[in-house]
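# Inside the fold
So you can see what is in the structure, the chains are spelled out below.
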Amino acid sequence: MQSFDELVLDQDLIERFGGRGPRYTSYPTADRFAPDFDPAAYTQALLERAGRDGDGLGLYLHVPFCRSICYYCGCNKIGTRHQAKSEQYVSALIREMELVTLVTGRGQHISHLHFGGGTPTFMLDEEFARIFDAISSRFELCAEGEYSIEVDPRTVTPKRLWTLRALGLNRISLGIQDFDPEVQKAVNRVQPYDETRALIDAAREAGFHSINVDLIYGLPRQTLEGFERTLDLTIEANPDRVALYHYAHLPHLFKPQRRIDEDELPSAGTRAQLFDRAVQRFRAAGYAFLGLDHFARADDELAIAQREGRLHRNFQGYCSHDAGDLIALGVSSISAVGAVQAQNEKSLEAYYARLMHGELPIARGLEMNYDDFVRRDVIQSLMCNFRVWWPEVEARHSIVAQDYFGSAIASLQPMHDAGAIRIGARGIDILPRGRLLVRSVAMAFDRYLKNAPSVATYSKIV
């Protein structure tokens, strides 16, 4: 039986087959969305959704506001200290929710709910209560659903976590990035360990089912010694899940990154050592490697889902089962309903204006075709299971897989010869030495990449 969490860091393979590429939280990826997309297609997808309430449905709410901007951040965010901005925004979220449910009808069953940002906890407790009242009056929240929120430990007290838990949230993600004070100063995110640890302990006491923390390697002023201390403190806090992201320095895309001194960024060799050390430490501490940059304790839902073949990946990352369609609310958020993927307006002004005119605020998107669905299944299987099994693909899509993907399979032959993957008559397995290169394997099946304007827009694979 395949051991999913086996992992070998082979620097030679990484240098040979690494580079840059999509993270495949979706396929086709969001950079394929067309600005001339007809919003009526999304409305039609919502209308069709009304007739299949038995299928899974997730709800995502994006809150863009941050009281201070972390220099490394590549998310869509708005720096402000004016609390009144959230009141208008909450009203807009509820208005968008109403426009959606005018099409789908009320009572659709929600199995996944996620608040992302920005900083969702920029909103006041009474504003969260308004949103939950709006959700519960328009949707049915499943009793065993996964309801999560991203939290900035600098802006939330342990007491407030009890309020969030009482509203129904049961999973929480805390940003750490690095506990080294020098690194924190360099990225404008000063966050004492004691405050973060108190919040993790409070989340556990409040009854959150799963606690995730985010770390980033490759930040300015990071050293092996300093990052080792961060790993010690993180493992001591015993979170259920860890996301270990690679810092992507793209100042031409993200203006706050221009505040980072490039001379203070660690070398490629040091970055590799930082990642290698983290992998070793988390594995030794009992965390399973899920894929990409995610780890989970062996008894966590995600690790169990991977062992049972239920692990899934969507715009929010890994989840324990396929949430089905995703309705996303808020500025810049991305929905995936049926064959349609659609992104909202990216500026607050445009977002508010569309809602004021009674329109769903769709700015761009795409409609998936047959080939997109076939390739999405293959990429999904690789990203979640480190393998793709041709009989399953053929049964689902009525194709001869080795004919359909002949050129992709041929392009992967060098990785097979190097021992990173195993290409067989019945499928492809990503071997322990190649698992950090899972994005490179998935890229072979992405038919859009040959027309990509530049791979420089993507993050490094490792």
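As shown above, the structure is provided for reference.
Attention here is on the structure that accompanies the text.

Residue position: Leu231 is located in helix α8 (residues 224-237). Considering only alpha carbons, one finds Leu231 and Asp178, 53 residues apart in sequence, at a separation of 8.7 Å. When sequence neighbours within four positions are dropped, the list of residues in contact with Leu231 reads Leu215, Arg277, Ala278, Arg281 and Phe282.

Before going further, it helps to examine the sheet that holds strand β18 (residues 421-424). Strand order in the open sheet made by the 3 strands is β17-β19-β18, with antiparallel pairing throughout. In this open sheet, the two strands that pair with only one neighbour each are β17 (387-389) and β18. Taken over all neighbouring pairs, the strand axes of this sheet differ in orientation by 15° on average, direction set aside. Relative to the sheet, helix α12 (residues 370-385) contacts β17 and β19 (427-430), its axis offset from that of β17 by approximately 135°. Contacts from helix α13 (residues 390-397) reach β17, β18 and β19 within the one sheet, and its direction differs from that of β17 by about 55°.

What follows deals with α13. All buried positions along α13 are accounted for by Trp390, Val393 and His397. One side of α13 carries all its buried residues, which in axial view fall inside an arc of 65°. Those residues of α13 that are buried lie in contact with α12, β17, α14 (401-404), α15 (406-411), β18 and β19.

The next thing to look at is the layout of surface pockets. Approximately 830 Å³ is the volume attributed to the second largest pocket. For the second largest pocket, the lining is made up of 41 residues, of which His312, Asp322, Arg376, Asp377 and Gln380 are closest to its centre. Elements supplying a minimum of two residues to the lining of the second largest pocket: β11 (312-314), β13 (325-329), β14 (334-337), β15 (340-344), α12, β17 and α13. When residues in the lining of the second largest pocket are grouped by element, the largest group, 9 residues, is from α12. A breakdown of the residues in the lining of the second largest pocket according to their chemical character gives 17 nonpolar, 12 polar and 12 charged.

Let us look at helix α2 (residues 39-49). For α2, the full list of buried residues reads Ala41, Tyr42, Ala45, Leu46 and Arg49. End-on, the buried residues of α2 take up no more than an arc of 140°, which puts them together on one face.

The subject of this paragraph is the pairing of strand β8 (residues 241-246). Among the 6 residues of β8, 5 are classified as buried, and the element is accordingly described as predominantly covered. Handedness of the β-α-β unit built from strand β7 (residues 210-217), α8 and β8 comes out right-handed. Pairing analysis gives 3 bridges linking β8 to strand β10 (residues 294-297), with the strands arranged antiparallel. When the bridges of β10 are listed, Arg241 appears paired with Ala296.

Under the definition given, this model contains 17 aromatic pairs. Where Phe282 meets Tyr287, the ring centres are 5.6 Å apart and the plane angle is 75°; that geometry is what we call edge-to-face. By the burial criterion, Phe282 is buried, and Tyr287 matches it. Members of the aromatic cluster, connected to one another through ring pairs, are Phe65, Tyr89, Phe122, Tyr351 and Tyr352. The ring of Tyr287 has Arg297 sitting right over it, with the charged end atom 4.6 Å from the ring centre. Directly above the aromatic system of Tyr448 lies the positively charged group of Arg447, at a separation of 4.4 Å from the ring centroid.

About the criteria used
- Residues numbered from 1 in each chain as written.
- Predicted model: local features only at pLDDT ≥ 70, side-chain atom pairs only at ≥ 80, totals over all residues.
- Heavy atoms only, no water.
- Helix = DSSP H or I, 4+ residues; strand = E, 2+ residues; numbered from the N terminus.
- Contact = heavy atoms within 4.5 Å.
- Pairing = 2+ DSSP bridges.
- Axes fitted to C-alpha atoms, helices over the stretch in contact; angles between N-to-C directions.
- Buried < 20%, exposed > 50% of the residue type's maximum accessible area, 1.4 Å probe, protein only.
- Arc of directions from axis to C-beta.
- 1 Å grid on protein atoms, 1.4 Å probe; cavity = no way out; pocket = protein on both sides within 12 Å on 5 of 7 lines; lining within 4 Å.
- Points joined across faces, edges and corners; volume = space filled by probe spheres on them.
- Nonpolar A, V, L, I, M, F, W, Y, C, P; charged D, E, K, R; others polar.
- Right-handed = clockwise from strand over helix to strand, strands pointing away.
- Phe/Tyr/Trp six-rings, centres within 6.5 Å; stacked < 30°, edge-to-face > 60°.
- Lys NZ or Arg CZ within 6 Å of the ring centre and 35° of its normal.

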